[in-house]
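Listed here are the chains, written in short residue letters.
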Amino acid sequence: MIKNKTRLMSLILTFGMIIGTIGAGSLDVKAESLGSTIRLEDTGAELADNIERGRCPYTWVKVDSSSCPVLNPKGGMYSVMYDLRYFSSGNSFKKDGYSSSNGCGGNKNLTEHPNFLKAFENTLSNARKNGTSLVLRFSYSSDKTVGNEPGLTKEGDSTVYHNTELIRQHIKQLSEVINRNKDVVLAVECGMFGPWGEMHSSMYDIDKCNNYDPQFSNAIIDRWLNKLDPSIKVLVRAPKHLMGYYGYENNAEGFNEAVANGSLKLNSRLGLYNDGYLGTSTDYGTFGDENEWPYITRDKGIDMLEKLTEVPYGGECAYVDKETLKSHGSPIYKGSEFMSELYRTHLSYLHNINSEDEVLIGELNNVDVSKSDLVKGLDAADVTPYIGHSYRKFMRDHMGYRILVKESKLSSEVSKDGTFTMSGSMKNLGFGNFLTKKYTEVILKNGDKTYVASVDSFNANDLTSLATKNYKWTFSVPSDIASGNWDVYIRIRNNRNTQEASAKTGIRFANPDCFNDGIRANKIGTIKVSGGNSKGGSEFKEVR
């Protein structure tokens, strides 16, 4: 009897161990799902560390006789602005409501400061270390001051003349530093004259004081374009500067017609920055109420900006009171028309989109996105987290590009020296395009071990705004790879001056919970590598 009971207990214990083993195995399988695992939906997150897009904080550096600070720009995009009045004598220009020339240090070259150029270059180097892209601006005034630009006097003559030559020299010296760091500088806002470098209220402006003569602004625009590396964009403050540059002074209608019919070849490097954005129907004089020199209307400005697909467009939402915002035609209340403008102008960056205490930004929080606002090519399913939520959030997250993996398949197993495939589609939900050349890689990762393969068959720059691009890639597996489960990632990145710096520019997809900050790549799934019969000599690469 005792023997039978012992045998029964043994059988029960054995059965329990078997069940426990099966249960544990089942848990392991669930934890190590093979094939594609990426969730095909938008997370609704900001993606603030993506390069060349989105919120763009800024810092003004006022250069004086003391040591110039070195900044440490972080995030996907950052703007550094330098006040160069220390290198200028100032001039006699005055304007009601503005302070007159002050704080100038006399006409001199930038090399005459003990460390400005070195500090500037070190700032650019820090941006590279942080995987950050920069927009730069230089001016002789970082406040509401006019008359700070270099002037020139002649013996026995009290008149203060334009000193365009010194400005040209400063641009040359700045460009030499920028060009050595061209991989981190996306664009230069032309600046160089006017309060805050906004290219108005100056003896160098296209304005009444110069009889609307564009010669001075043209000389400055030309200098930047000629001295900067061709990869770097140049942005001007208003359409009047573009009209003047292209030879359409006193002919706004002719300019609009030439843009519309394509007879005017727009420089693909030359664009616009807008520091009066959305404040009024004209963005505080960026545009005009009529198509009359030196202005074009907002509608015509949108037509022009729609064609500028390779340059960033953005700047700063206007500082305005609520009464002015509502009574002076701000476009933010126009629903589908406003949504269309965001996509047609390829809005890519704003300095103050997260400054919710400002009136305009606060009002954007009060205007919600509806399904009826969506433009053609933008499906409600693509933007589910944004329907019924604020335009501020939608704008913040869709400036520039926003990449969503819409379909995904991945082999679940491969043997050493074998091949595996991955396929699917991606869509750019953002207002704009990639603005620099992008490179695509697939990464295998197991613990600290990684393999990286270039995907030369895939041009990520084809992912223009609202475009969908399919992919189907095959890869050979390296012969020395360890057996086991390997995570598979896609990385789309810039090319910088080192491999490490390039990797730091990997962009985050909109899909949830897929991004690995350590390698800046997006996990697509997991593949099991089995032993197989290794022939030796194979490597991880795309098979075409």
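Residues numbered from 1 in each chain as written. Predicted model: local features only at pLDDT ≥ 70, side-chain atom pairs only at ≥ 80, totals over all residues. Heavy atoms only, no water.

When helices and strands are counted, the protein chain shows 12 helices and 22 strands. A total of 544 residues make up the protein chain; the buried ones form 55% of that total. For the protein chain, the proportion of contacts with a sequence separation of at least 24, taken over those separated by at least 6, is 75%. Only carbon and sulfur atoms are counted for the fraction: they give 47% of the accessible area of the protein chain, which is about 22,900 Å². Mean positive and mean negative side-chain charge positions of the protein chain (65 and 66 charges, respectively) differ by 9 Å. (Helix = DSSP H or I, 4+ residues; strand = E, 2+ residues; numbered from the N terminus. Buried < 20%, exposed > 50% of the residue type's maximum accessible area, 1.4 Å probe, protein only. Contact = heavy atoms within 4.5 Å. Areas by Shrake-Rupley, 256 points an atom, 1.4 Å probe, with all protein chains shown as cover. Lys, Arg positive; Asp, Glu negative; His and termini not counted. Charge placed at Lys NZ, Arg CZ, Asp CG, Glu CD.)

Applying the stated rule across the entire model yields 27 aromatic pairs. With a centroid separation of 5.9 Å and 25° between ring planes, the pair formed by phenylalanine 138 and tryptophan 224 is classed as stacked. Here the residue phenylalanine 138 occupies a position in strand E5 (residues 133-139), and tryptophan 224 occupies one in helix H4 (residues 215-227), the gap between them amounting to 86 residues. Each member of the pair, phenylalanine 138 together with tryptophan 224, is buried. Between tryptophan 473 and phenylalanine 475 the ring centres are 6.5 Å apart and the planes differ by 80°, which places this aromatic pair in the edge-to-face class. The class of phenylalanine 475 is buried, set by a relative accessible area of 0%. Among the aromatic residues, ring-to-ring pairing joins Tyr82, Tyr86, Phe87, Phe116, Phe120, Phe138 and Trp224 into one connected group. (Phe/Tyr/Trp six-rings, centres within 6.5 Å; stacked < 30°, edge-to-face > 60°.)

What follows is about the sheet that holds strand E13 (residues 403-410). Ordered in space as E13-E15-E18-E22, the four strands form an open sheet in which the pairing is antiparallel. In this open sheet, the two edge strands, each paired with only one partner strand, are E13 and strand E22 (541-542). Note that strand E15 (residues 419-428) and strand E18 (residues 468-476) share nine bridges and pair antiparallel. From the neighbouring strand, threonine 421 faces E18, where its bridge partner is threonine 474. (Pairing = 2+ DSSP bridges.)

In any sheet, the strands associate via hydrogen bonds between backbone groups, in a parallel or an antiparallel arrangement. Strand order in the open sheet formed by nine strands is E2-E12-E11-E10-E9-E8-E5-E4-E3, and the pairing between neighbours is parallel. In this open sheet, the two edge strands, each paired with only one partner strand, are strand E2 (54-55) and strand E3 (58-62). As paired strands, E2 and strand E12 (residues 347-350) are joined by two bridges and run parallel to one another. Across the sheet, residue glycine 54 finds its bridge partner in E12, namely tyrosine 349.

Moving on: the pairing of strand E17 (residues 449-454). In the sheet, strand E16 (residues 439-446) pairs with E17 via six bridges, with the strands oriented antiparallel. Bridging across to E17, leucine 444 finds its partner in tyrosine 451. Between E16 and E17, which pair antiparallel and follow one another directly, the connecting turn spans two residues, one of which, glycine 447, has a positive phi of 65°.

What follows concerns the packing of helix H3 (residues 164-180) against H4. Where H3 contacts H4, the two axes come as close as 9 Å, and the packing angle between them is 25°. Classified by the interaxial angle, the pair formed by H3 and H4 is roughly parallel. In this structure, the crossing between H3 and H4 has a hand that is right-handed. For the pair formed by H3 and H4, the contact residues are Thr164, Ile167, Arg168, Ile171, Lys172, Leu174, Ser175, Ile178 and Asn179 on the first element and Phe216, Ala219, Ile220, Arg223, Trp224 and Lys227 on the second. (Axes fitted to C-alpha atoms, helices over the stretch in contact; angles between N-to-C directions. Parallel < 35°, antiparallel > 145°, perpendicular 65-115°, else oblique. Left-handed = near helix turned anticlockwise from the far one by under 90°.)

Attention shifts here to the confidence of the model for the protein chain. Chain-level statistics for the protein chain give a pLDDT mean of 93 and a share of 93% at 70 or above. Between residues 1-31, whose pLDDT stays under 50, and residues either more than four places distant or in other chains, the model counts zero contacts. (pLDDT = per-residue confidence, 0-100.)

We now examine the environment of serine 175. Relative to the helices and strands, serine 175 is located in helix H3. Looking at serine 175, the relative accessible area reads 1%, which means it is buried. On a C-alpha basis, the gap between serine 175 and leucine 228 in space is 5.4 Å, while along the polypeptide they are 53 residues apart. Those residues in contact with serine 175 that sit more than four places away from it in its chain are Trp224, Lys227 and Leu228.

Turning next to the side chain of serine 476. Its place among the elements puts serine 476 in strand E18. Residue class for serine 476 comes out buried when judged on its relative accessible area of 10%. If we ignore the near neighbours within four places in the chain, the residues touching serine 476 are Gly418, Thr419, Glu539, Phe540, Lys541 and Val543.

Among the structural elements, leucine 166 can be located in helix H3. The class of leucine 166 is buried, set by a relative accessible area of 11%. Sequence separation of leucine 166 and glycine 244 is 78 residues, and the distance between their C-alpha atoms is 22 Å. In contact with leucine 166, not counting residues within four places along its chain, are Phe87, Asn107, Lys108, Asn109 and Pro150.

The biggest cluster of nonpolar side chains holds 110 residues, and the ones touching the most others in it are Phe116, Trp224 and Met395. Top contributing element to this core by residue count: helix H2 (residues 116-129), with six residues. Formed by 35 residues, the second largest nonpolar core is a distinct cluster that contains Met422, Met426, Ala453 and Phe509. (Core = buried A, V, L, I, M, F, W, Y, C linked by side-chain atoms within 4.5 Å.)

What follows covers unusual backbone geometry. Cis rather than trans, the peptide bond between tryptophan 293 and proline 294 has omega equal to 10°. Here proline 294 lies in the loop between strand E10 (270-277) and helix H7 (298-307). Positioned with a positive phi, tryptophan 196 is a non-glycine residue whose angle comes to about 55°. Structurally, tryptophan 196 is set in the loop between strand E8 (185-189) and H4.

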